[in-house]
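# Structural overview for review
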Amino acid sequence: MSSFELQDELQAVQDVDAYSFDNESDVSALDPASVADLLSSAVDALANSSDAISEPDVFDAYRSLLKHAAALQGSHMIKILDSISSAYHAQIEATVRDLEDDDPQAALSHKMPLEMYAFLLHWFVSAAEKVKTSGDDDAPAPAPKARRGRGGKAAASRATARKPAEEWSWQDQVPPTLQLISKLLRVNTRRIWQTSAERETFINCVLRPVYHITENEQYMKSVDIRRGTYKAICLAVKHQGHALAAQISIMQSLQYYEHLSEPMAECLNLLARDFDFPQLGDDILRDIAGKSFSAQDTKGPRAFSRFLVRYAELAPRQLLKQLSLLLAHLDSESYPMRMALVEVIGGIIRELAESPENEGLGAVGAAAAAGIGMGPAGGDRAKQLKQINGLYDLLLERTLDLSSYVRVKVLATLARLCDGTAKFPQQRLAMARAAVDALEDKASGVRKGAVSLLVRLILTHPYNLYGGYLSETDWKEKYEQEAAILAKMEGQVGKAVEREEGEGSQADGDENDGDEEEGEDGVKAPKVKRDDDDSMDVDDEDAEEDEANDSDDPMSDSAPKAPKSKKKKRKSELDLAALTNEAAALGELNENQHLEAKLKKKFCLDALEFIRTVEEGMKTVQKLLASTNKLEVLEAMEFFRVTYEYKFDAAEAGIKKMLHLIWSKDNNATSEDGRELKSVRSRLLECYRTMYFEPIQNLDPKQQTNRIAKNMIEMTYNATLAELTSLEEMMRQLMEENHINEDVVAKLWQVYSSSRPLPRAQRRGAVIILGMLALAKRNVVADRVETLVKVGLGDLGKADLTLARYTCVALQRLNGSAKKVKGSLLDKSLRIDMDNPLFRKLQEAVERPCRTKEWFPMAEQALNTVYALGERPDVLCGSIIKNLSRRVFGKKPLASSQSQSSQLDKDKDPDVMDEDSDEDRENVDPDATQAAPSSPSKSAASQSSAVSKDTGDAFELSQLLFLVGHVAIKQIVFLELVEREWKRQKHEKEMAAKLNGAANAQDKKDQEELDQVAGNAEDEIGERIAAMREHELLSGSGSLLATFGPMLVHICGSPHKFKNRTLRMASTLAFSKFLCVSSQFCEQNHRLLFKILETSKDPSIRSNIVIALGDVAVSFSSIIDESNDELYTGLRDPDMVVKKNTLMVLTHLILNGMVKVKGQMGEMAKCVEDEDERISDLAKLFFAELSTKDNAIYNNLPDVISHLSVGAHAIDEEAFQSTMKYIFTFIEKEKQAENIVEKLCQRFRLSDDPRQWRDIAFCLSLLPFKSERSVKKLIEGLQFYRDKLHEEAVYTRFQEILTKARSNKSANKPDAELNEFENILAENRRQGAEDQDFEKRVEGRKAIAKKRATRRTARKKPVARNDDSD
């Protein structure tokens, strides 16, 4: 071939079908033998000489085969590639030899063959790719064609049999091909291609296959192929002047091929590292910095951001050079680019901080923060620190980014930076503050990231000087010690300076002007320290102190006069210069110690600030424990576990709050970022095991057991009822899973039964925990009943009634914790004979004269124990009631002796209650359904002084009534158990009869006849028990309780006679329990309970009544239904506890269908915006649960709107809007929304109040208007509100509705009607405004006319008087 223009050929081959040449053969029309002959002749020619490619027939044979590659078989493709590659390789070798021989003419002879081989290889790669692609489309094609098209993997998947020689896999041939290209790119092409244009064309042709290969994502997953492409591109850029073309190609690859983001970054890193050519990376970074991305573009920014992140990981120094340009993307509209820049900055900070030449940079930062110079050696590092601080500032600014994704990325980046070796205390403080602020973020991902960052900050904190724990109390002590040491040291330096000044020497004043570590501090600090001794608040004032220490005040202004020592006098007499040298020497001697002391003080100050910042965020993290986002909850739990381990003072509150998560229903594991996360409950148990139960190193087994038992007991200290309930459930689960060792249980028994004088809380805690563990395994207490009776009901129990109370609870666990299945007759409970000494001890505990507040809960639990374990508890309780009745109503000594004994009791017992003390009032737990009175009365003598007719002891009467009420309620439960036992016995007899087939037919007939006469035995049992409850318990002739019914009614109904607070509380509580026993008694007396609720001034009594009314409503709902409205009065109670309890009771009653809602839902809705957060949360929970009932909220919505908008119960407009915004979130059905639109439009017609217009319009604007029918209903109702549109707020709401309706993407959206509706609204608004103006003018004229008429009347009256006088 005489000539070959590579550029023209490359241009022509782009359209293969139109590409023609002289000796073209139509391979697709040839038979296989002819194709084989054509290929063989060409291959043989190249095998003989690589220069044969210049022969037209050989070159055209290859071109013909490649043009019709679709018709070739796999074996043909392998032969073509092998022959081209071999000849190409031989040609390259020959070229290299000629260049080494320095033969220019011979070297030039290789130009055209090399171009032709490059052209063929380029075409072959394109053809191979096309063959593979066409194989997808031509799946049914014959086997040879498919083999060639699908490649190795596809060929293997074919069912048809193939010869191994015919298997074709282009992917397997790519690495050798890339090696061939790399070999060529090492050749000095400048000596062959004289002009840069020709050379550039050739190099581009050589590299086109490489770029073509990179475009295939599957190929780039192969490590060998990736390395081959990197090497080829790097060689071309380094040796062949391919930089500009590579820059364009890489930018296009990033733009169009997302999978190339990370490979291109690796390629550029290889180019800079191994080929010493970083310029290309810099150019590409500059190009990226100059690009702009819109918020709508997602693909481009994502690819470029991944490239930047990967490049920053591999070569952060490269990005640092171009960072000033790249920072423009921090303001990009596209959030992926902002995220990438955040990660880039993080990578650069890590590189700067951890590079070997910057080792110790954190120390420079600490010294600079303390105001201490580091000398010339630290100058470069200080500059480096300034750079890092600037980058940190950029990161912290991004915590306020508009996109939550960016904010999450910032927090994650900061968390990774915490793991670095350089700590940067000041930056860590700023990170902690930013994390605490982010805890309030509206995005759950950001809140989770903030908690994770705080955890990392704590785990990697730099304050390890004193053991690494972060207790604020301990660090305060350390700060005071270090401050005292520093003050003492600075005082000594001050004395040296004083001696110098005494001789009038101030020569070193100028030298110390720039020194920030000694002279001025030595004088100024003692004065500031004296101020610190008075106020130890470690806050910003300490930073100001450091600034004051570094000020340039003249030393003579603050140095006090001091007596001069003999040594000093002797020195000063000798030489003034010697005195100066002495002061300098003393300064040098103390310099290191002074610097160390100052750093330690600053160190303690930073630690305190960090601790306080973290503790400030703890309250917010506590709220996150209640989050609906599981990942957030798990992160918050980890936070409290870590803070507990690091001994934060405030961590205990979070640990207790965390305990309530034991009730979480989530039992499923979750995966995040490839990690398997446990369920909330499993994680909680794991956390508690880690904190309290896992052994610690270097402790022997006995010490481990003691530590675990101590931890368990301490968990009960100061615990609320809710915390104890959650702790009980957790202990039960841990015991069931055998996580609590028997040695620990034995240790708890040892603590409980110890004869040593232990703290009361410790012994109580032991029996509380034992009772909890017994829920899972009853033998925990079953084996030690005697110990419980001896300790808890013996002398120790008499001295500590709370201990006796929890001992009773533990005894109740003898029955285990098996839940009763509704309708089941199975009963595994244990019943003990009444002769057992246990019951005698319980009776003694209850009957023992006692006047302390702990008696009531103890007596309650004692009765619970009797009813839980006794065969005939009613007998024992009857005996107790009779004995107490004798004590109360029997003959008593004179009042004076009572007074003396009462006073004696008070002297003996420091816990004796004062009748109306506020403290006792606070001790009431109104959350408990069976709340106990919380304060006893004074003695009968003190009562008789106030009410002469009352000669009884009010406290003893309170005890009696409390017991009577509790026995009544427990007797009902006992009767239900008796009923079940009778039914169980009958069922067992029936089963035995069925199993025993000996009964004859006559017996069965007799039984059937008996059943017909007597009825069903089970029904009879139920009726008999119900009759006992209804007619015998409170009104039977032989009933002991019947005696007390009228007494309770009289005491409760005569508050003017019975003024003792404890008596009122006990009687009200007992009366409430009586109401739950008999419907007859309830119907006769329930109005009295409502009356007390209305008139009582004691919030504890009102709170107990509210809870009691809930129980009465469950027992006799038909009776309470008549007084439904009065149940809601508690929601308006001024006392928050009463209000909360009312809300809880109503929530229970309404959601369980115990009471019917008749227009009172508005009162519940008011609580949604209550100022008390607990009440607001409860109300929201109520509506959320109510929304699950069919149409419940929809049916009550009109009443709610009316209740809150107008009338006596209306709330202010802002609260109304906030409440309705929440409630309307539950209106989700489109049909409901349509009906509400119609109803609300009709309300306009009946309303004349502008406030109500605004409220109705606001409610309309909350509806979604997703359907065409909703919009039509609104337009149809125009006649009802057209005259209200002049009100600005009403018109604005309708504009919002229009906007919402137009934003709907429904295909049936009535655009024309909406436009017409908008015009009608505007017209009616204008008309209404004119009408209003006209009315105002008319009213104004009427007013003017009225004034004139009044003036005329006034003038006429004097004239009339004058006429009369004439």
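Summary of the structure given here. (Residues numbered from 1 in each chain as written. Predicted model: local features only at pLDDT ≥ 70, side-chain atom pairs only at ≥ 80, totals over all residues. Heavy atoms only, no water.)

## Quick notes on the overall build of the protein chain
When helices and strands are tallied, the protein chain shows 65 helices and two strands. Out of the 1366 residues in the protein chain, the part that is buried amounts to 50%. (Helix = DSSP H or I, 4+ residues; strand = E, 2+ residues; numbered from the N terminus. Buried < 20%, exposed > 50% of the residue type's maximum accessible area, 1.4 Å probe, protein only.)

## Structural notes on the environment of glutamate 1318
Relative to the assigned elements, glutamate 1318 resides in helix α65 (residues 1311-1365). Here the alpha-carbon distance between glutamate 1318 and glutamine 1295, two residues 23 residues apart in the chain, equals 8.0 Å. Beyond its immediate chain neighbours, meaning those up to four positions away, glutamate 1318 contacts Gln1295, Leu1298 and Arg1302. Of note is the side chain of glutamate 1318, whose polar atom sits 2.7 Å from the side chain of arginine 1302. (Contact = heavy atoms within 4.5 Å. Polar contact = N/O pair within 3.5 Å; in protein donor to acceptor, adjacent residues only side chain to side chain.)

## Some words on helix α49 (residues 1044-1053)
Burial in α49 covers these residues: Phe1044, Gly1045, Leu1048, Ile1051 and Cys1052. Buried residues of α49, viewed axially, fall in a sector of 135°; they line one side. Where α49 is buried, its residues meet α42 (873-889), α46 (954-995), α50 (1061-1075) and α51 (1079-1095). (Arc of directions from axis to C-beta.)

## Details of the nonpolar core
Ranked by size, the top nonpolar core spans 366 residues in total, and within it Tyr88, Phe307, Leu308, Met658, Met712 and Phe1294 carry the most contacts. Per-element accounting of this core gives the leading share, 15 residues, to α46. (Core = buried A, V, L, I, M, F, W, Y, C linked by side-chain atoms within 4.5 Å.)

## Overview of the side chain of threonine 95
Within the secondary structure, threonine 95 sits in helix α4 (residues 74-100). Using a relative accessible area of 0% as the deciding quantity, one classes threonine 95 as buried. Apart from residues lying up to four places away in sequence, threonine 95 is in contact with His110, Leu114, Val187 and Ile192.

## Overview of the pattern of salt bridges
Per the counting criterion, the structure on display carries 52 salt bridges. For the salt bridge of arginine 273 with aspartate 274, the shortest nitrogen-to-oxygen distance reads 3.0 Å. Its relative accessible area of 55% is what places arginine 273 among the exposed residues. Residue aspartate 274 is classed as partly exposed on the basis of its relative accessible area, which comes to 47%. Between lysine 1273 and glutamate 1238 there is a salt bridge whose closest N-O contact spans 3.1 Å. A residue pair is termed long-range when its members are at least 10 positions apart, and lysine 1273 in helix α62 (residues 1268-1276) and glutamate 1238 in helix α60 (residues 1230-1245) qualify at 35 residues. Each of the salt bridges in this network shares a partner with another, and the network as a whole consists of Glu638, Arg641, Glu645, Arg683 and Glu686. (Salt bridge = Lys/Arg side-chain N within 4 Å of Asp/Glu carboxyl O.)

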